[in-house]
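# Commentary on secondary and tertiary structure
If you want the building blocks of each chain, they are given just below.
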Amino acid sequence: RMELSCAMGGSTAAPPGPGPPAAAAGAGLMEGEEYESLPSGVALGTHMVAGAVAGIMEHTVMYPVDSVKTRMQSLQPDPKAQYRSVYEALKRMVLTEGLWRPLRGINVTMMGAGPAHALYFACYEKMKKSLSDVFQSGGNSHLANGIAGSVATLLHDAVMNPAEAVVKQRLQMFNSPYTSVLGCVRAVHRTEGFGAFYRSYTTQLTMNVPFQAIHFITYELLQEHLNPRRHYNPGSHIVAGAVAGAVAAAATTPLDVCKTLLNTQENTALSSLNIRGHLSGMANAFSTVYQLGGVPGFFRGVQARVIYQMPSTAIAWSVYEFFKYFLTKQALEKK
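Residues numbered from 1 in each chain as written. Predicted model: local features only at pLDDT ≥ 70, side-chain atom pairs only at ≥ 80, totals over all residues. Heavy atoms only, no water.

## Details of the overall build of the protein
- Regarding its fold elements, the protein presents twelve helices and zero strands.
- Traced from its N-terminal end to its C-terminal end, the protein shows the element sequence α-α-α-α-α-α-α-α-α-α-α-α.
- Here the protein displays about 13,500 Å² of accessible surface, and carbon together with sulfur accounts for 63% of that area. (Helix = DSSP H or I, 4+ residues; strand = E, 2+ residues; numbered from the N terminus. Areas by Shrake-Rupley, 256 points an atom, 1.4 Å probe, with all protein chains shown as cover.)

## Thoughts on the pattern of salt bridges
- A full pass over the atoms with the stated rule returns twelve salt bridges.
- We note a salt bridge from Glu 97 to Arg 101, for which the minimum N-O separation is 3.3 Å.
- Residue classification places Glu 97 among the partly exposed positions, given a relative accessible area of 27%.
- Note on Arg 101: relative accessible area 7%, which makes it buried.
- Measuring nitrogen to oxygen at the nearest pair gives 3.3 Å for the salt bridge that ties Asp 256 to Arg 305. (Salt bridge = Lys/Arg side-chain N within 4 Å of Asp/Glu carboxyl O. Buried < 20%, exposed > 50% of the residue type's maximum accessible area, 1.4 Å probe, protein only.)

## Focus: helix H9 (residues 253–264)
- Between its first and last C-alpha atoms H9 spans 16 Å; for twelve residues at 1.5 Å apiece the expected length is 16 Å, and the two agree.
- Across the twelve residues of H9, twelve count as buried, placing the element largely inside the fold.
- Residues of H9 that are buried include every one of Thr 253, Pro 254, Leu 255, Asp 256, Val 257, Cys 258, Lys 259, Thr 260, Leu 261, Leu 262, Asn 263 and Thr 264, and no others.
- Just downstream of H9, Gln 265 is the residue with a positive phi angle, here 50 degrees. (Expected span 1.5 Å × (residues − 1).)

## Remarks on the packing of helix H8 (residues 234–251) against helix H12 (residues 302–334)
- Orientation of H8 relative to H12, taken along the N-to-C sense of each, is 145 degrees, at an axis distance of 7 Å. Crossing of H8 against H12: the hand is right-handed. On H12, the residues that touch His 237, Ile 238, Gly 241, Ala 242, Gly 245, Ala 246, Ala 248, Ala 249 and Ala 250 of H8 are Val 302, Arg 305, Val 306, Gln 309, Met 310, Thr 313, Ala 314, Trp 317, Ser 318 and Glu 321.
- Broken down by class, the residue content of the contact of H8 with H12 amounts to eleven nonpolar, six polar and two charged. (Axes fitted to C-alpha atoms, helices over the stretch in contact; angles between N-to-C directions. Left-handed = near helix turned anticlockwise from the far one by under 90°. Contact = heavy atoms within 4.5 Å. Nonpolar A, V, L, I, M, F, W, Y, C, P; charged D, E, K, R; others polar.)

## So, the nonpolar core
- Val 68, Met 72, Tyr 83, Val 86, Tyr 120 and Tyr 124 are the most contacted members of the largest nonpolar core, which totals 27 residues.
- For this core, the secondary-structure elements that each account for two or more residues are helix H1 (40–61), helix H2 (63–72), helix H3 (86–97), helix H4 (106–135), helix H5 (142–172), helix H7 (201–226), H8 and H12.
- In terms of domain composition, this core takes at least three residues from each of domain 1 (40–192) and domain 2 (196–319). (Core = buried A, V, L, I, M, F, W, Y, C linked by side-chain atoms within 4.5 Å. Domains from an automatic or database assignment.)

## As for a nonpolar patch on the surface
- A cluster of nonpolar side chains, contributed by Val 134, Phe 135, Leu 143 and Ile 147, occupies part of the molecular surface with about 360 Å² of accessible area.
- Tracing the sequence through the fold places Leu 143 in helix H5. (Patch = residues over 30% accessible without salt bridge, like charges linked within 9 Å, V, L, I, M, F, W, Y side chains within 5 Å.)

## A look at unusual backbone geometry
- Phi at Asn 175 takes a positive value of approximately 55 degrees, unusual for a residue other than glycine.
- Residue placement: Asn 175 occurs in the loop between H5 and helix H6 (181–192).

## Re the environment of Cys 258
- The topology assignment puts Cys 258 in helix H9.
- For the pair Cys 258 and Gly 297, spaced 39 residues apart in sequence, the C-alpha to C-alpha distance is 9.8 Å.
- Excluding its chain neighbours within four sequence positions, the residues that come into contact with Cys 258 are Met 282, Ala 285, Phe 286, Val 289 and Phe 298.

## Examining the side chain of Arg 305
- Relative to the assigned elements, Arg 305 resides in helix H12.
- A residue is classified by how much of its surface remains accessible, and Arg 305, at 1% relative accessible area, is buried.
- In terms of polar contacts, Arg 305 uses its side chain to reach the backbone carbonyl oxygen of Ala 249, at 2.9 Å.
- Filtering out sequence-adjacent residues up to four positions away, Arg 305 remains in contact with Lys 69, Met 207, Phe 211, Ala 248, Ala 249, Thr 252, Thr 253 and Asp 256. (Polar contact = N/O pair within 3.5 Å; in protein donor to acceptor, adjacent residues only side chain to side chain.)

## Describing the packing of aromatic side chains
- Taken as a whole and assessed by the stated rule, the structure comprises twelve aromatic pairs.
- Centre to centre, the rings of Tyr 198 and Tyr 201 are 5.8 Å apart; their planes meet at 85 degrees, and the pair counts as edge-to-face.
- Exposure remark for Tyr 198: the relative accessible area of 34% places this residue in the partly exposed category.
- Plain terms: the ring middles of Tyr 219 and Trp 317 are 3.5 Å apart, the flat faces sit at 5 degrees to each other, and that makes the pair stacked. In this pair, Tyr 219 sits in helix H7 while Trp 317 sits in helix H12, placing the two residues 98 residues apart along the sequence. (Phe/Tyr/Trp six-rings, centres within 6.5 Å; stacked < 30°, edge-to-face > 60°.)

What follows is the structure in structure tokens.
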């Protein structure tokens, strides 16, 4: 989602950022207690647990739509896999390929989402607070939020790229030759080598860094209007998260199309241009997409991507905010 998809924190005393709003300021926490006053070990654990749960929830709930997005980004799809809408695609996948087909590969995504998002949130929260003190002490710095999210993305994608970007997307493609996660991993390693699992890592970062920057800045701007006091407010988190996810998703769709091509190495499309071997590099991917689909080719699947990201980011933010608030409250009560 996060690509956050995938990514997401402050109190009245600390610089608020696109992460959970002042858990300590929310009703229910003991008066005078603040989230930032917790021992660092407790705070780190809170971010990691809340982030892991949010990541798993985000990816599993929206996984069927993600499967559709992958197929709709195909540059030269099989005639049986040409869809006009997300609903039509899901319906045809279930009717022609079985009820569970839209969920193929969900297990590997769940395995990667937990640790990836735990690392992401821990890094993001730490950097956001440190950088905000440097750029705008006592205030909210959009620059600090963007940089913190971008750096945290390096860790997140290092964990998620092999699982989500390579194995998952190959299992999602129409007429995929792979029937299981383990079988896909073995086949890719045998035929393309270990490097195949990170072939699109730099491309993933090229997409996710601007995605997260746009996502965080948009979310933060909306929070300033919807929830200026940074209390625990589920409604504001859901609305701001959904809008931020939609804006970031639409803006970075061209990069996502290139990433999908590098991950799937779509044989039909590459063969039509007499490309032999494996396509690599963002520049080559951009050139290939343009040759096959022109400018509209860069926006294939934009509808599915936005439809996926809106509820996805809303789920991630609301779940993360809730668990951070709940775990912080429990820790303060134990004190």
